[in-house]
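# An overview of the molecular structure
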Amino acid sequence: MKRLSGTVSLGFVLVAQLCGFSQAQFHDPETSACEQARDNGWVVLCDRDHMGVLKYMREMTPEEKQARAEGKRKQLEERRRLEVEHANTRLWNAIQGSKGVREVEEALIGGADANLSHKGTPVLVAAADIGDYYVVNILLSKGAKPDAQDADGSTALMRASARGHTKIVELLEYAANR
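Described below are features of the structure shown in this document. Note that this is a predicted model, so its numbers are computed, not measured. (Residues numbered from 1 in each chain as written. Predicted model: local features only at pLDDT ≥ 70, side-chain atom pairs only at ≥ 80, totals over all residues. Heavy atoms only, no water.)

## Quick notes on the overall build of the protein chain
What the protein chain contains, in helices and strands, is nine helices and four strands. In sequence order, the protein chain lays out its α and β elements as α-α-α-β-β-α-α-β-β-α-α-α-α. Buried residues in the protein chain amount to 32% of all 178 residues. Here the analysis covers contacts within the protein chain between residues at least 6 apart in sequence; of these, 52% occur between residues at least 24 apart. (Helix = DSSP H or I, 4+ residues; strand = E, 2+ residues; numbered from the N terminus. Buried < 20%, exposed > 50% of the residue type's maximum accessible area, 1.4 Å probe, protein only. Contact = heavy atoms within 4.5 Å.)

Structure (structure tokens):
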């Protein structure tokens, strides 16, 4: 156990402040400082004579424990939301920058949504428009909807057809018929 620095009266003052008692109440021979502290939710370990406070700590109430757990849960949820947001940004940037399969896979592993839309354009439609067969294949394998439409109503199949990306057209037709 760790001893509080200072005199015994300093220990009493600290416990008194924590428990809401005056210092005079602890010097009352009829009253045990430890018992009073314990009644107020504090665990106080005292020496044999109940005069020197060796260690004290406040027990958490169930409400405080729940609030702490809720705070940690909210922190984790916020961290996860930010990670997904970052992964979605990486996915969109990888597709728009034609960075290739590796960056797209890393973004999807990081939690990016294969059905992500940016300014009304689903990533699958953008990848089909660019003509990246492997990225389209990865997006479909990760659950991208082949019939997703952009803000103009164009699907990935329509964009790939218009650009002459025949392998992507075949892949999208196969995915749509599964």
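## Some details on the packing of aromatic side chains
In the structure shown here, the tally under the stated rule is one aromatic pair. Ring centres of Tyr133 and Tyr134 lie 5.5 Å apart, and the angle between their planes is 85°; on these two criteria the pair is classed as edge-to-face. Positioned over the ring face of Tyr133 is Lys167, at 5.8 Å from the centre of the ring. (Phe/Tyr/Trp six-rings, centres within 6.5 Å; stacked < 30°, edge-to-face > 60°. Lys NZ or Arg CZ within 6 Å of the ring centre and 35° of its normal.)

## Considering unusual backbone geometry
Despite not being glycine, Lys119 has its phi angle at roughly 55°, a positive value. As for its position among the elements, Lys119 is in the loop between strand S3 (117-118) and strand S4 (121-122). Judged by its relative accessible area of 76%, Lys119 is exposed.

## Here we look at the pattern of salt bridges
Following the criterion strictly, the structure yields 10 salt bridges and no others. Glu106 is paired through a salt bridge with Arg102; the nearest N and O atoms lie 3.2 Å apart. Of this pair, Glu106 and Arg102 both sit in helix H5 (residues 101-109), four residues apart, which is roughly one turn of that helix. For Glu106, a relative accessible area of 33% translates into the label partly exposed. Arg159 serves as the salt-bridge partner of Asp129, at 3.6 Å between the closest nitrogen and oxygen. Of the two residues, Asp129 is situated in helix H6 (residues 123-130) and Arg159 in helix H8 (residues 156-163); the sequence distance between them amounts to 30 residues. Across the pair, Arg159 and Asp129 agree in class, each one buried. (Salt bridge = Lys/Arg side-chain N within 4 Å of Asp/Glu carboxyl O.)

## Focus on the nonpolar core
In this structure, Leu91, Ile95, Val136, Leu139 and Leu172 are the most contacted members of the largest nonpolar core, which totals 30 residues. Those elements that provide at least two residues to this core are helix H4 (62-96), H5, H6, helix H7 (133-141), H8 and helix H9 (166-177). Here this core takes six residues from H6, the largest share from any one element. (Core = buried A, V, L, I, M, F, W, Y, C linked by side-chain atoms within 4.5 Å.)

## Some remarks on empty space enclosed by the protein
Enumeration according to the criterion identifies one cavity of 30 Å³ or more in this entry. Put simply, the largest cavity is a space of about 50 Å³. Every residue lining the largest cavity is listed: Ala94, Ile95, Ser98, Lys99, Gly100, Val104, Ala127, Ile130, Asp132 and Val135. Breaking the lining of the largest cavity down by element, the ones donating at least two residues are H4 and H6. Split by residue class, the lining of the largest cavity holds six nonpolar, two polar and two charged. (1 Å grid on protein atoms, 1.4 Å probe; cavity = no way out; pocket = protein on both sides within 12 Å on 5 of 7 lines; lining within 4 Å. Points joined across faces, edges and corners; volume = space filled by probe spheres on them. Nonpolar A, V, L, I, M, F, W, Y, C, P; charged D, E, K, R; others polar.)

Remember that the coordinates give geometry; whether it matters functionally is a separate question.
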